Amino acid sequence: MSLFRASFVARRVLRAPRAFPARSWAVRTLTTKKYTTAHEWIIYDDATSTGTTGITDYAQSSLGDVVFVELPAPGSELLAGEPLGAVESVKAASDIYSPVSGTVEEVNEILASEPGLLNKSPEERGWLARIKMSNPAEMDELLTEEAYKAHCENEEH
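Under an unreviewed UniProt entry, the name given to the protein chain is Glycine cleavage system H protein, and the organism recorded is Dacryopinax primogenitus. Taken directly from UniProt, the Sequence similarities (unreviewed entry) text for the protein chain runs: "Belongs to the GcvH family." You can read under Subcellular location (unreviewed entry) in the UniProt record for the protein chain the words "Mitochondrion".

Here is the structure:
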């Protein structure tokens, strides 16, 4: 077989139709964001049963400039509604409450040196802790975004 013919056959084999169509398998995880009446938020990832929590923009604006953040140690056990940590600002000090029960897997170490990140990005880079939830059904007891907004409007009046 000539070199030209071998090259043609090789290209033809590479382009041959597949017996089965190629499929792109993707795993879809559901993430849900909920709120508490005490102005904490949590984003729950059902694939890992982990919730990432922090304070809302409403909370940080009420506090003013945050100067210190106290967070739990990884491995700490938390109960829903119990203190998770504390925030100190130029206006006041305030406890932060855990929206769910579980074990602290990770805390946002950056807040120790940059507590003002809670003011700049409270619902993104200013997250507080990641919690391995012991009872994911507790998410059902929390507020949706719409219900939380209504709660905030009622507090202002």
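Peer 1: Help me out: how do you make sense of the nonpolar core in this one?
Peer 2: One recurring pattern in soluble globular proteins is that nonpolar side chains are buried together. Counting residues in each nonpolar core, the largest one holds 23 residues, and the members touching the most others are Ile55, Val100, Leu118, Leu128 and Met139. If you list the elements that add at least two residues to this core, you get strand S2 (40-45), helix H2 (57-63), strand S4 (66-70), strand S6 (83-89), strand S8 (102-107), helix H4 (117-120) and strand S9 (129-133). Here the element with the most residues in this core is S9; it accounts for three residues. Ignoring anything within four residues of it in the chain, the contact list for Leu118 reads Ile55, Gln60, Val66, Val69, Val87, Leu111, Gly126 and Leu128.

Peer 1: Would you take a moment to explain the side chain of Gln60 for this structure?
Peer 2: Here Gln60 is to be found in helix H2. For Gln60, a relative accessible area of 10% gives the class buried. Polar side-chain contacts of Gln60 include one of 2.9 Å to the side chain of Asp57. Sequence-distant contacts of Gln60, defined by excluding residues within four places in its chain, comprise Ile55, Leu118, Asn119 and Pro122.

Peer 1: Is there a simple way to explain the sheet that holds S6 in this structure?
Peer 2: The pairing of strands in a sheet comes from backbone hydrogen bonds and takes either a parallel or an antiparallel form. Taking strand neighbours across the sheet as the criterion, the three strands line up as S4-S6-S7 in an open arrangement whose pairing is antiparallel. With one partner strand each, in any of the chains shown, S4 and strand S7 (93-97) form the two edges of the open sheet. Put simply, the sheet's adjacent strands are angled 25 degrees from each other on average, direction ignored. Summarising the sheet, S6 and S7 pair through five bridges and their orientation is antiparallel. Residue Val87 lies in a different strand from S7, and its bridge partner there is Ser94.

What counts, and where the lines are drawn
- Residues numbered from 1 in each chain as written.
- Predicted model: local features only at pLDDT ≥ 70, side-chain atom pairs only at ≥ 80, totals over all residues.
- Heavy atoms only, no water.
- UniProt positions renumbered as here; feature names shortened; annotations may be inferred.
- Core = buried A, V, L, I, M, F, W, Y, C linked by side-chain atoms within 4.5 Å.
- Buried < 20%, exposed > 50% of the residue type's maximum accessible area, 1.4 Å probe, protein only.
- Helix = DSSP H or I, 4+ residues; strand = E, 2+ residues; numbered from the N terminus.
- Contact = heavy atoms within 4.5 Å.
- Polar contact = N/O pair within 3.5 Å; in protein donor to acceptor, adjacent residues only side chain to side chain.
- Pairing = 2+ DSSP bridges.
- Axes fitted to C-alpha atoms, helices over the stretch in contact; angles between N-to-C directions.

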